[in-house]
Amino acid sequence: MPVGSAFTMGLQQFEQRLERLVEGAFAKAFRGGLQPVEIGRRLTREMDLLRRVTVHGLIAPNAFTVSLSPEDIERFESFSDALVRELADAAREHARNEGYGFVGPVEVELVEDPRRRPGRFEIAAIMREGPQGMPGGSLVLPGGERVPVGIEPIVIGRLPECSIVLDDPNVSRRHARIHRIDGRVAISDLDSTNGTRVNGILTKERFLEDGDTITIGGATLRYEAS
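Residues numbered from 1 in each chain as written. Predicted model: local features only at pLDDT ≥ 70, side-chain atom pairs only at ≥ 80, totals over all residues. Heavy atoms only, no water.

Asks: Looking at this model, I keep getting lost on the side chain of Ser67. Mind explaining?
Replies: If you trace the backbone, Ser67 turns up in strand 3 (residues 63-68). A residue is classified by how much of its surface remains accessible, and Ser67, at 16% relative accessible area, is buried. (Helix = DSSP H or I, 4+ residues; strand = E, 2+ residues; numbered from the N terminus. Buried < 20%, exposed > 50% of the residue type's maximum accessible area, 1.4 Å probe, protein only.)

Asks: What should I look at first to understand the nonpolar core in this one?
Replies: Side chains that are nonpolar tend, in soluble globular proteins, to be buried together. Counting residues in hydrophobic clusters, the biggest one holds 23 residues, and the most contacted among them are Ile39, Leu43, Met47, Phe64, Val66 and Leu68. If you list the elements that add at least two residues to this core, you get helix 2 (36-50), strand 3, helix 4 (80-98), strand 4 (107-112) and strand 5 (121-126). When residues in this core are grouped by element, the largest group, five residues, is from helix 4. Apart from the residues within four sequence positions on either side, Leu68 is in contact with Leu34, Ile39, Ile73, Phe76, Leu110, Val111, Glu112, Asp113, Arg116, Arg120 and Phe121. Residues Val147, Leu166, Leu208 and Ile216 belong to the second largest nonpolar core, which totals 20 residues. (Core = buried A, V, L, I, M, F, W, Y, C linked by side-chain atoms within 4.5 Å. Contact = heavy atoms within 4.5 Å.)

Asks: Can you walk me through the packing of aromatic side chains in this structure?
Replies: For any pair of aromatic rings, geometry is given as the distance between the ring centres together with the angle between the planes. Scanning the model with the defined rule gives one aromatic pair in all. Centroid distance Phe76 to Phe79: 5.9 Å. Interplanar angle 65°. Geometry classified as edge-to-face. According to the relative accessible area criterion, Phe76 is buried, its value standing at 1%. On the basis of relative accessibility, which here comes to 3%, the residue Phe79 falls in the buried class. Lying across the ring of Phe121, Arg42 places its NZ or CZ 4.3 Å from the centre. Sitting above the plane of the Phe207 ring, Arg184 keeps its charged end 4.0 Å from the centroid. (Phe/Tyr/Trp six-rings, centres within 6.5 Å; stacked < 30°, edge-to-face > 60°. Lys NZ or Arg CZ within 6 Å of the ring centre and 35° of its normal.)

Asks: I keep staring at the packing of helix 2 against helix 4 and nothing clicks. Help me out?
Replies: Each pair of packed helices can be described by the angle between their axes along with the distance between the axes. The geometry of helix 2 relative to helix 4 is characterised by a closest axis approach of 10 Å and an angle of 40° between their N-to-C directions. Taken as axis vectors, helix 2 and helix 4 run oblique relative to one another. As helix 2 packs across helix 4, the resulting crossing turns out to be right-handed. Touching Pro36, Ile39, Gly40, Leu43, Thr44, Met47 and Asp48 of helix 2 are Leu83, Leu87, Ala90, Ala91, His94, Ala95 and Glu98, all from helix 4. (Axes fitted to C-alpha atoms, helices over the stretch in contact; angles between N-to-C directions. Parallel < 35°, antiparallel > 145°, perpendicular 65-115°, else oblique. Left-handed = near helix turned anticlockwise from the far one by under 90°.)

Asks: Even after reading the chapter, I still don't get a negative patch on the surface, so can you show me in this structure?
Replies: Together, Glu71, Glu74, Glu77 and Glu112 give the surface a local cluster of negative charge. Mapped onto the elements of the fold, Glu77 is located in the loop between helix 3 (70-76) and helix 4. (Patch = residues over 30% accessible without salt bridge, like charges linked within 9 Å, V, L, I, M, F, W, Y side chains within 5 Å. Areas by Shrake-Rupley, 256 points an atom, 1.4 Å probe, with all protein chains shown as cover. Salt bridge = Lys/Arg side-chain N within 4 Å of Asp/Glu carboxyl O. Lys, Arg positive; Asp, Glu negative; His and termini not counted. Charge placed at Lys NZ, Arg CZ, Asp CG, Glu CD.)

Asks: Looking at this structure, how should I read helix 2?
Replies: Residues lying three or four places apart along an α-helix face the same way, a consequence of the helix completing one turn every 3.6 residues. Between its terminal C-alpha atoms helix 2 stretches 21 Å, which fits the 21 Å expected from 15 residues at 1.5 Å a residue. Three or more residues of helix 2 are buried, namely Pro36, Val37, Ile39, Gly40, Leu43, Thr44, Glu46 and Met47. (Expected span 1.5 Å × (residues − 1).)

Asks: How do you make sense of the pattern of salt bridges when you look at a structure like this?
Replies: Opposite charge on two side chains lets them pair, provided their charged atoms get close. Scanning the entire structure with this criterion turns up twelve salt bridges. The salt bridge partner of Asp113 is Arg115, with a shortest N-O separation of 3.1 Å. Relative accessible area serves as the criterion here: at 73%, Arg115 is assigned to the exposed category. Its salt-bridge partner being Glu224, residue Arg222 comes within 2.7 Å of it at the nearest N-O pair. Exposure remark for Glu224: the relative accessible area of 4% places this residue in the buried category. The structure contains a network of salt bridges with shared partners spanning Asp89, Arg92, Arg96, Arg146, Arg222 and Glu224.

Asks: Explain the pairing of strand 5 to me, please; I cannot follow it from the model alone.
Replies: Taken residue by residue, a regular strand's side chains alternate between the two faces of the sheet. The side-chain alternation of strand 5 yields one buried face, formed by Phe121, Ile123 and Ala125, and one unburied face, formed by Glu122, Ala124 and Ile126. The pairing of strand 3 with strand 5 spans six bridges and is classified as antiparallel. Along strand 5, the bridge assignment pairs Val66 with Ile123. (Pairing = 2+ DSSP bridges.)

Asks: How do you make sense of the sheet that holds strand 4 when you look at a structure like this?
Replies: By way of backbone hydrogen bonds, the strands of a sheet pair with one another, either parallel or antiparallel. Pairing in this open sheet of three strands is mixed, and the strands run 4-3-5 from one edge to the other. The sheet is open, and its two borders are formed by strand 4 and strand 5, each paired with just one other strand. Shown here is a sheet whose adjacent strand axes are inclined to one another by a mean of 20°, direction ignored. Seen against the sheet, helix 2 touches strand 3, strand 4 and strand 5 and runs at an angle of roughly 35° to strand 5.

Asks: Mind showing me how you'd approach the sheet that holds strand 7 (residues 146-148) here?
Replies: Read across the sheet, six strands follow the order 7-6-16-15-12-13 without closing on themselves; strand pairing throughout is antiparallel. Only two strands of the sheet have a single partner each, and these edge strands are strand 7 and strand 13 (201-203). Geometrically, the sheet is characterised by an average inter-axis angle of 30° between neighbouring strands, direction not taken into account. By the bridge criterion, three bridges tie strand 6 (residues 138-140) to strand 7 in an arrangement that is antiparallel. When the sheet's bridge partners are listed, Val140 is paired in strand 7 with Arg146.

Treat this as a map of the structure, not an account of what it does.
Set out below in structure tokens:
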């Protein structure tokens, strides 16, 4: 697929997800004025403008501050958390389409700027390293929640003290561990009863790649490197 087509499709998917978010009570926020897809389009453009070549390939900004007028902040207030998540997802998707890497997790913040007029906004985009210099990387849970992969291992299992708790009789008490080895993210099965599958294949231990699916019991998680 041509790069331009992938970019257009990504924005269309972003807009469609936002439209689903704002049905009913949120719909009035989209009657005229600033449209969230305009923010998404500008955000991805900033990534293209500020990308740079490093020994690790193309690196793009991963931390974005969106300055909005008080009126637009109020319009978006009811679904600002969802909007921030969608904007971050748009950045991750654009990075995958363009082959960009990040030096840290993707972060988006909406801030009020009294100097801004309604419909006008600015985006400050920077490259911000993750804690202790860790790059981005997260597990996407079945419900869409993201769990960042940091320095500390993530244990998945049925026990309440696990990092990710799966209430499923087919999941062992301590089923699998996600951890970093020399900066890369790996998964290890912890001698579980029913095993751990990565992309449908039973796995004892392996490094994870962007987009890999992890099946534990009846739950499927997705690893995203950005």
